[in-house]
Amino acid sequence: MAASIIQLLPDHVANQIAAGEVVQRPASVVKELLENAVDAKASDIKLIVKEAGKTLVQVIDNGLGMNTTDARLCFERHATSKIRQAEDLFDLHTKGFRGEALASIAAIAHVEMKTKQDQEELGNHIVIEGSKLVMQEVAVLPKGTSFAVKNLFFNIPARRNFLKSETVEFRHVMDEFQRVAMAHPSISFTLIHNGSELYNLPSSNYRQRIVNIFGGKTNEKLVPVTEDTDLITISGFVGKPEFAKKSRGEQFFFVNDRYIKSAYLHHAIMNAYDGLLKEGNQPSYFLYLQVPPHTIDINIHPTKTEIKFDDEHSLYAILRSAVKHSLGQFNVAPVLDFERDANLDTPYQYKNKDADFPTIQVDSNFNPFANEKSTKSLSSFGSYKKETNTANWESLYVGLKQDTQELDAFSFETEEVTSKLFDDELEEKVPTSTYQIHKKYIVSAIKSGMLVIDQGRAHQRILYEQFLTNITVNKASSQQLLFPLELYFSSDEMVLLKELQPVLENTGFVFDAFNSDSLQISGLPIAMAESEVSIVIEELINNLQNEIPESSFSQSDSIAKSMAKSMAVKTGTYLTVKEQENLVNSLFACKDPNVSPFQKPTFITLTVEDLDKRFAL
């Protein structure tokens with residue numbers, strides 16, 4: 001009989017495998033620990049992060065805490081206080097329920113936990129490293145729990161190497177923090193990264209929490225949405241169409257206070273905005289949906305961001321109509337009635353309001369005839385002006401006749417007398433060497449045939465090399481604005497822009513002030529129009545939040561690529577002959593004219609032989 005080859009894996013290996021699903025990056029740890037703190041009924045939660053969570057993720061709460069048995073048992077797989085039986089999966093009122101998170105985290109990091117219940121005098125201090133219990137002892141502690149997760153993936157170096165740069169990883173940490181904080185505005189949250197406090201969010205309502213996270217300017221962008229049905233209760237806010245952005249940053253669905261992603265429900269929102277947005281723009285929305293727990297299934301994926309609904313079609317219709325109604329109610333969406341007088345519109349809140357009687361005030365002392373002057377004597381005698389004072393109008397021209405006769409003696413240059421500097425015969429007419437086709441391609445003749453150049457890609461290459469030279473070698477010149485331009489961004493976007501300030505200044509930007517949620521710009525790169533500034537910076541932030549690498553050269557490279565893409569001439573733009581020639585000459589002055597910054601060909605060559613072959617068919 002052959003030897004058996006199937007064997008049961010040891011617990012610590014099984015935990016490491018399970019950790020691959022639950023803990024993908026430091027942000028996963030942040031999510032699990034914050035949700036545990038919320039489930040523990042904490043009213044104050046503090047998140048402390050170092051090096052985007054690679055070195056430390058610590059969550060401190062003032063919740064219920066755990067006794068000695070629970071403190072040790074919570075690190076076992078499938079050990080949870082949230083459910084008791086399978087039926088509980090369809091009546092969930094907590095964030096966690098799988099009992100996998102703490103076991104998975106403890107398998108791949110150094111974990112230190114301090115916890116104490118309110119009624120107990122002493123708490124428990126536990127240290128676990130790679131699923132091995134290193135220490136457990138009683139200690140004097142405040143009420144609540146403190147989880148410190150250090151050296152993530154210390155025993156799986158391959159996973160650690162797959163982590164992105166600190167900027168990208170911290171962006172994910174910030175996303176998880178914002179999602180939990182927005183779902184629970186009654187809890188105060190604090191975020192500290194590398195010793196500096198980025199967020200201090202006091203207990204508030206939903207609108208204040210959104211404004212506190214995304215900046216004071218957000219308040220004027222929000223339109224309230226409310227709908228209450230047997231199937232679903234909707235509350236929250238959508239953004240006004242004029243504030244829509246190219247990126248999909250500020251879009252949040254919360255179902256029973258749990259952040260979810262749903263392309264189906266997102267489509268309902270986009271449908272409600274149909275006809276109100278420019279092509280490619282995305283609206284902001286912060287929508288809180290309350291549904292009966294038994295009508296949804298959360299247990300699809302360990303991250304719990306996907307949900308299955310019993311009746312998706314009805315939810316789609318209700319959500320779409322609720323958003324559309326709000327946009328119409330607050331006069332955001334236009335009404336297609338061309339004969340309607342907008343001044344006669346009555347706000348919805350006046351529906352049950354009684355009409356007020358107008359008050360009339362009379363000034364009894366007013367007498368319009370009090371200061372009247374007698375004009376009858378003037379009217380009876382015709383004109384009140386004396387004829388002797390008014391000279392005959394013809395006398396104005398007396399004596400001018402002799403002057404005009406004297407002018408005949410003078411000669412003046414006329415247009416006919418003026419000659420050109422060169423005669424027409426001497427002028428050499430230079431034939432046009434470039435032609436634009438469909439406002440997209442530029443055709444230029446060469447000795448061996450012709451070039452067909454993609455104007456957009458060619459301009460990207462030209463701008464890319466210019467920006468890269470300005471950033472790395474010498475600072476670019478700026479065009480000064482007559483009035484400084486003020487732009488508003490969310491707190492996390494301002495942190496990124498502050499880091500990029502030196503690089504952006506080398507490209508030609510001049511910044512006057514950096515505030516918590518806004519910046520002032522007094523100078524721009526020469527090729528940039530004032531109307532393009534907000535679009536270029538928004539696209540730059542969007543590109544860098546997910547692609548920014550570690551090294552400073554690569555960071556400069558990413559910024560140069562992003563700005564070149566945003567500012568390059570677009571398809572459909574008419575170029576004059578001079579502009580076409582300048583584009584062609586500038587392209588072939590580049591170090592690498594063959595490809596765009598994104599490694600796509602900028603031109604193709606058609607030789608005379610190629611054309612001859614085509615006509616020979």
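Treat the numbers as computed from the prediction; the structure is a model and nothing was measured.

A. The arrangement of the packing of helix 8 (residues 263-272) against helix 9 (residues 312-329) in detail. Viewed as axis vectors pointing N to C, helix 8 and helix 9 meet at an angle of 35°, and their least axial separation amounts to 8 Å. Regarding helix 8 and helix 9, the two cross each other, and that crossing is right-handed. For the pair helix 8 and helix 9, the contacting residues are Tyr264, Leu265, His267, Ala268, Ile269, Asn271 and Ala272 in the first and Glu312, His313, Tyr316, Leu319, Arg320, Val323, Lys324 and Leu327 in the second. Its residues placed into classes, the contact of helix 8 with helix 9 shows 9 nonpolar, 3 polar and 3 charged.

B. Spotlight on the sheet that holds strand 16 (residues 434-437). If you trace the 4 strands from one edge of the open sheet to the other, you get 16-17-18-22, paired in antiparallel fashion. Only two strands of the sheet have a single neighbouring strand rather than two, namely strand 16 and strand 22 (603-607). Each strand axis lies, on average, 25° off the axis of its neighbour in the sheet, ignoring direction. Pairing of strand 16 with strand 17 (residues 441-446) involves 4 bridges; the strand directions are antiparallel. Bridge pairing links Ile437 to Tyr441 in strand 17. Of the strands in this sheet, strand 16, strand 17 and strand 18 (449-454) touch helix 12 (residues 455-472), which is tilted by about 75° from strand 18. Along the sheet, helix 16 (residues 577-587) contacts strand 16, strand 17, strand 18 and strand 22; its crossing angle with strand 16, the most-contacted strand, is approximately 105°.

C. Broad picture of the pattern of salt bridges. Summed over the entire model, instances satisfying the criterion amount to 9 salt bridges. A salt bridge links Lys31 to Glu35; the nearest nitrogen and oxygen atoms lie 3.3 Å apart. Of this pair, Lys31 and Glu35 both sit in helix 2 (residues 26-39), 4 residues apart, which is roughly one turn of the helix. For Lys31, a relative accessible area of 9% gives the class buried. One salt bridge connects Glu76 with Arg72, and the closest N-O pair in it is separated by 3.6 Å.

D. View of the packing of aromatic side chains. A complete count under the given rule lists 16 aromatic pairs for this structure. Between Phe214 and Phe252 the ring centres are 5.8 Å apart and the planes differ by 55°, which places this aromatic pair in the tilted class. Here Phe214, found in helix 7 (residues 206-214), pairs with Phe252, found in strand 11 (residues 251-255); they are 38 residues apart in sequence, far enough to count as distant. The pair formed by Phe214 and Phe252 is uniform in burial state, with each residue classed as buried. Relative to Tyr259, the ring of Phe252 has its centre 6.1 Å away and its plane inclined at 65°; by these criteria the two rings are edge-to-face.

E. Representation of the sheet that holds strand 21 (residues 518-525) in the model. On the basis of which strands lie adjacent, the open sheet formed by 3 strands has the order 19-21-20 and antiparallel pairing. The open sheet has two edge strands with one neighbour each: strand 19 (478-488) and strand 20 (510-514). Sheet twist, expressed as the mean angle between neighbouring strand axes with direction ignored, is 15°. Along the sheet, helix 13 (residues 491-507) contacts strand 20 and strand 21; its crossing angle with strand 20, the most-contacted strand, is approximately 155°.

F. A look at empty space enclosed by the protein. By the definition in use, this model includes 2 cavities of 30 Å³ or more. Computed from the structure, the second largest cavity encloses a volume of approximately 70 Å³. As for the second largest cavity, its lining consists of Phe214, Lys217, Thr218, Lys221, Lys245, Glu250, Tyr488, Phe489, Ser490 and Glu493. Looking at side-chain class alone, the lining of the second largest cavity contains 3 nonpolar, 2 polar and 5 charged residues.

G. Geometry of helix 12. The end-to-end C-alpha distance of helix 12 is 26 Å, a good match for the 26 Å that 18 residues give at a rise of 1.5 Å each. Of the residues flanking the start of helix 12, the one acting as N-cap is Asp454, its side-chain oxygen 3.1 Å from the backbone nitrogen of Gly456.

H. Representation of the environment of His110 in the model. As for its position among the elements, His110 is in strand 3 (residues 110-116). Between the C-alpha atom of His110 and that of Lys150, which follows or precedes it by 40 residues, the distance is 5.0 Å. Among the polar contacts listed, one links the side chain of His110 to the side chain of Asn151, at a separation of 3.2 Å.

I. Examining helix 2 more closely. For helix 2, which comprises 14 residues, the first-to-last C-alpha distance of 20 Å matches the rise-based estimate of 20 Å (1.5 Å per residue) to within 8%. Among the 14 residues in helix 2, 13 count as buried, and that is most of the element. Backbone geometry just downstream of helix 2 places Lys41 in the positive-phi region, at approximately 60°.

J. Geometry of the pairing of strand 2 (residues 56-61). A large share of strand 2 lies buried, amounting to 5 of its 6 residues. Two strands pair when backbone bridges link them, and strand 1 (residues 44-50) and strand 2 are joined in this way by 6 bridges, in the antiparallel orientation. The partner of Lys50 across the bridge, within strand 2, is Leu56. Where strand 1 hands over to strand 2, the hairpin turn is made up of 5 residues, of which Glu51 adopts a positive phi near 50°.

K. Representation of the nonpolar core within the structure. Of all hydrophobic cores here, the largest spans 58 residues; its most connected members are Leu47, Phe75 and Phe189. Ranked by residues supplied to this core, first place goes to helix 6 (residues 166-183) with 8 residues. Ignoring any residue separated from it by four or fewer positions in sequence, one finds Phe75 in contact with Leu102, Ala103, Ala106, Val111, Met113, Ile126, Ile128 and Phe147. If you look at the next biggest cluster of nonpolar residues, it comprises 34 residues, including Ile471, Phe489, Phe514 and Ile521.

L. Representation of a nonpolar patch on the surface in the model. Taken together, Leu122, Val138 and Val140 make up a surface patch of nonpolar side chains, about 310 Å² in accessible area. Along the polypeptide, Leu122 turns up in the loop between strand 3 and strand 4 (123-129). Leu122 gets classed as partly exposed once you look at its relative accessible area, which sits at 45%.

M. Representation of unusual backbone geometry in the model. Positive phi, close to 50°, is recorded for Asn151, a residue that is not glycine. Relative to the helices and strands, Asn151 resides in the loop between strand 6 (144-150) and helix 5 (157-161). We note that Gln599 has phi near 60°; this positive angle belongs to a residue other than glycine. Within the secondary structure layout, Gln599 lies in the loop between helix 16 and strand 22. Taking relative accessible area as the criterion, Gln599 reaches 60% and is therefore assigned exposed.

Rules used throughout
- Residues numbered from 1 in each chain as written.
- Predicted model: local features only at pLDDT ≥ 70, side-chain atom pairs only at ≥ 80, totals over all residues.
- Heavy atoms only, no water.
- Axes fitted to C-alpha atoms, helices over the stretch in contact; angles between N-to-C directions.
- Helix = DSSP H or I, 4+ residues; strand = E, 2+ residues; numbered from the N terminus.
- Left-handed = near helix turned anticlockwise from the far one by under 90°.
- Contact = heavy atoms within 4.5 Å.
- Nonpolar A, V, L, I, M, F, W, Y, C, P; charged D, E, K, R; others polar.
- Pairing = 2+ DSSP bridges.
- Salt bridge = Lys/Arg side-chain N within 4 Å of Asp/Glu carboxyl O.
- Buried < 20%, exposed > 50% of the residue type's maximum accessible area, 1.4 Å probe, protein only.
- Phe/Tyr/Trp six-rings, centres within 6.5 Å; stacked < 30°, edge-to-face > 60°.
- 1 Å grid on protein atoms, 1.4 Å probe; cavity = no way out; pocket = protein on both sides within 12 Å on 5 of 7 lines; lining within 4 Å.
- Points joined across faces, edges and corners; volume = space filled by probe spheres on them.
- Expected span 1.5 Å × (residues − 1).
- Polar contact = N/O pair within 3.5 Å; in protein donor to acceptor, adjacent residues only side chain to side chain.
- Core = buried A, V, L, I, M, F, W, Y, C linked by side-chain atoms within 4.5 Å.
- Patch = residues over 30% accessible without salt bridge, like charges linked within 9 Å, V, L, I, M, F, W, Y side chains within 5 Å.
- Areas by Shrake-Rupley, 256 points an atom, 1.4 Å probe, with all protein chains shown as cover.

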